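Summary of structural features
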Amino acid sequence: MTWIAHDFRSDTVTKPSEGMRRAMAEAEVGDDVYGDDPTVNRLQETLAAMLGREAGLFLPSGTQSNLAALMSHCGRGDEYIAGMAAHCYVNEAGGAAVLGSIQPQPIPNEPDGTLSLEAVAAAIKPDDIHFARTRLLALENTIGGKVLPLDYIEKAEALARQHGLGMHLDGARLFNAVVAGGVSAQQIASHFDTISVCLSKGLGAPLGSVLVGQRDLIERARRIRKMLGGGMRQAGIVAAAGLYALENNIDRLAEDHENAKRLGEGLSQYPQLKVEPVQTNMVFVTVVEGDPQRFDDQLRENGIGVHSRYGHQRWVTHLDVGKKDIDAALQVVDGLLTHWPDA
Ligand SMILES: *Cc1c(COP(=O)(O)O)cnc(C)c1O
């Protein structure tokens, strides 16, 4: 693989900064399985307070955090409703079904990332021995780089509560939604029983997620985390990176959003590319002329990394790609597309 000089594949590729590494080196630690790690405890309490909730739980990944949440809400033979594009349905190796015996009920996502509430209502099963018990509505924000409108979340919650469902938010990029949407994290979080936040995406920590919510569900999730092999010992070393990220890297997400807009505008100059409107730190591009695989390969040969599948590219901005990287990428694209696809 050629070296990627400008890496737009994901906001997970960031490396811990010097300040973050210093915070990690200096972290006070203890055995977190005994509840003894002061830095882990501080991270959990800090994020819970930021979201206006009772308790938090530090987990090694967002996948495990979502699974622990789903298993806290749902038992064997229960069902959760989620979008067909939701990470907890499509990108977690079927963990809820395999490890939780929980059946997903997927609903197509609308172009704005929401789930039609008519479709959700129609998917909620009545109490009947033929059906799995519908227990939970799981939403994601941001989803595909898009921010869920707050009034939509309010209506979704009202529908869920009317039917006795729990509410889970996969907020892997919750703070991108906060920064872009002009609403507070507490306003969004107030509509959910559990909220999972990734520290390892745009916030720039090397790994980790925090599941936040009401205390009984979080305590259940703590037992499930142990069952899933996620009980960690001196995890304060990593939790310190998360605390550093919460203190230093939230407001600056606005820069990533500006950079993504600039990148999107640059790419939309080319008739060979169809660029979706940019809301946060992701630019979705469809290559509409020529061989998309060849375009990806040529970008890579020129040191530009993008995430690509079936002609659909995703370019993500983050801490480690700035204006210079965008200029460099646009220059390479210009060189490739001026005579594309004939050259
Ligand atoms: C990345 C991501 C996750 C999972 O996080 P990992 O730490 O990679 O397991 C969950 N949900 C969404 C929306 C994500 O983007």
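Here the structure is a predicted model, which means the values were calculated and not measured.

**Re the domain arrangement of the protein chain**
Reports often express the size of an interface as the amount of accessible area lost when the parts come together. Taken domain by domain, the protein chain consists of domain 1 (18-248) and domain 2 (252-337). Computed over C-alpha atoms, the centres of domain 1 and domain 2 are 29 Å apart. Taken over both partners, the interface formed by domain 1 and domain 2 buries close to 1,100 Å², and the fraction arising from carbon and sulfur atoms is 58%. The tally of links from domain 1 across to domain 2 stands at one salt bridge. Across the salt bridge formed by Lys146 and Glu276, the nearest N and O atoms sit 3.5 Å from each other. Scanning the region where domain 1 abuts domain 2 turns up four residue pairs in polar contact (both at pLDDT 80 or more). At four residues, the largest contribution of residues to the side of domain 1 that touches domain 2 is made by helix α8 (residues 174-181). Along the lines of polarity and charge, the residues of the side of domain 1 that touches domain 2 split into five nonpolar, seven polar and two charged.

**Examining the side chain of Ser10**
With respect to the element layout, Ser10 can be found in the loop between β1 (6-7) and α1 (18-25). Within the structure, Ser10 has its side chain in polar contact with the side chain of Thr12 (distance 2.9 Å). Apart from the residues lying within four places of it in its own chain, the contact partners of Ser10 are Arg173, Arg314, Val316 and His318.

**Describing the pairing of strand β2 (residues 55-59)**
Counting buried residues in β2 gives five out of five residues, a clear majority hidden from the surface. Residues Ala55, Leu57 and Leu59 of β2 are buried on one face, and the alternating residues Gly56 and Phe58, pointing to the opposite face, are buried as well. Here β2 pairs with strand β8 (residues 209-213) via five bridges, running antiparallel. Across the sheet, Leu59 pairs through a bridge with Ser209, a residue of β8.

**A few points about α1**
For α1, every residue scored as buried is listed here: Gly19, Met20 and Met24. Projected down its long axis, α1 carries its buried residues within an arc of 140°, all on one side. Turned more than 90 degrees away from the buried face of α1, the exposed residues are Glu18 and Ala25. Looking at the buried positions of α1, the neighbouring elements they touch are α11 (236-248).

**Section: the packing of α8 against helix α12 (residues 253-267)**
Interhelical geometry of α8 versus α12 gives an angle of 75° and a closest axis separation of 9 Å. Relative to α12, the element α8 is oriented roughly perpendicular. In contact with Phe175, Asn176, Val179 and Ala180 of α8, α12 contributes Leu253, Ala254 and His257. Tallied by class, the residues present in the contact of α8 with α12 amount to five nonpolar, two polar and no charged.

**Here we look at the packing of aromatic side chains**
Applying the stated criterion to the full structure yields two aromatic pairs. Seen from their ring centres, Phe8 and Trp315 are 5.3 Å apart, and the 55° between their planes marks the pair as tilted. Pair noted here: Phe8 is in the loop between β1 and α1 and Trp315 is in strand β13 (residues 312-316), with a separation of 307 residues, a long-range link. Both residues of the pair, Phe8 and Trp315, belong to the buried class.

**Section: the site of the ligand**
Residues in close proximity to the ligand include Ser61, Gly62, Thr63, Asn66, His87, Glu92, Glu140, Asp170, Ala172, Arg173, Cys198 and Lys201, which together make up its full environment. In the environment of the ligand, an oxygen atom lies 2.6 Å from a nitrogen or oxygen atom belonging to the side chain of Thr63. Starting from 380 Å² of accessible surface for the ligand in isolation, the protein chains cover 83%. No other element matches helix α3 (residues 62-73), which puts three residues into the shell around the ligand. Residue composition of the shell around the ligand, by class: two nonpolar, five polar and five charged.

**Notes on the state of the cysteines**
Taken as a whole and assessed by the stated rule, the structure comprises zero disulfides. Free of any disulfide, Cys74 has its nearest neighbouring cysteine sulfur in Cys88, separated by 10 Å. Residue classification places Cys74 among the buried residues on the basis of a relative accessible area of 5%. No disulfide involves Cys198; its nearest neighbouring cysteine sulfur is the one of Cys88, lying 12 Å away.

**Details of the sheet that holds strand β5 (residues 133-140)**
Strand pairing in a sheet takes place through backbone hydrogen bonds and is either antiparallel or parallel in direction. Taken in spatial order, the seven strands make up an open sheet running β2-β8-β7-β6-β5-β3-β4, and their pairing is mixed. Sheet topology places β2 and β4 (103-107) at the edges, where each strand pairs with a single neighbour. Each adjacent strand pair in this sheet contributes to an overall mean axis angle of 20°, direction not counted. By the bridge criterion, three bridges tie strand β6 (residues 166-170) to strand β7 (residues 194-198) in an arrangement that is parallel. By the bridge assignment, Leu169 is partnered in β7 with Ile195. Helix α2 (residues 38-50) rests against β2, β7 and β8 of the sheet, and its axis sits at about 130° to β2. The sheet strands contacting helix α7 (residues 150-162) are β5 and β6, and the helix crosses β6 at an angle near 145°.

Calculation criteria
Residue indices begin from 1 for each chain and proceed along its sequence in written order. In keeping with the model being predicted, local features are shown solely for residues with a pLDDT of at least 70 and side-chain atom pairs are shown and tallied solely at 80 or more, while totals for entire chains, interfaces and linings include all residues. Calculation of side-chain values draws on the structure's entire complement of heavy atoms; hydrogens and water are dropped beforehand. In this entry, domain limits derive from an automatic or database-based domain assignment. By convention, the term buried area covers the 1.4 Å-probe accessible surface removed from two parts as they join, with the contributions of both added. Throughout this description, the term salt bridge denotes a Lys or Arg side-chain nitrogen within 4 Å of a carboxyl oxygen of Asp or Glu. As used in this structure description, the phrase polar contact means that two N or O atoms lie within 3.5 Å; if the pair is within protein, one of them must be able to donate a hydrogen and the other to accept it, and residues adjacent in sequence are counted only when both atoms belong to side chains. For helices the rule is a DSSP run of H or I covering at least 4 residues; for strands it is a run of E covering at least 2, with both sets numbered from the N terminus onward. Each residue gets one label: Ala, Val, Leu, Ile, Met, Phe, Trp, Tyr, Cys and Pro are nonpolar, Asp, Glu, Lys and Arg are charged, and the others, such as Gly, are polar. By definition, residues are in contact when any of their heavy atoms lie within 4.5 Å. Note on classification: 1.4 Å probe, protein chains only; a residue is buried when its accessible area is under 20% of the maximum for its type, exposed when over 50%, partly exposed between these limits. Should DSSP find at least two bridges between two strands, the strands are taken to pair. Throughout, the arc means that of the directions going from the helix axis to the C-beta atoms. Axes here mean lines fitted to C-alpha atoms, for a helix over just the part in contact, with angles spanning 0 to 180 degrees between N-to-C directions. These descriptions rest on fixed angle ranges, namely under 35 degrees for roughly parallel, over 145 for roughly antiparallel, 65 to 115 for roughly perpendicular, and the rest for oblique. Ring pairs are drawn from Phe, Tyr and Trp, using the six-membered ring of Trp, whenever the two centres fall within 6.5 Å, and their geometry is named by plane angle: stacked under 30 degrees, edge-to-face over 60, tilted for the rest. We call a residue near a molecule or strand whenever a single non-hydrogen atom of that residue lies within 4 Å of it. Where accessible areas are quoted, they stem from the Shrake-Rupley method and a 1.4 Å probe; at the residue level, only the protein chains shown are allowed to cover. Any cysteine sulfur atom paired with another within 2.5 Å is treated as part of a disulfide.

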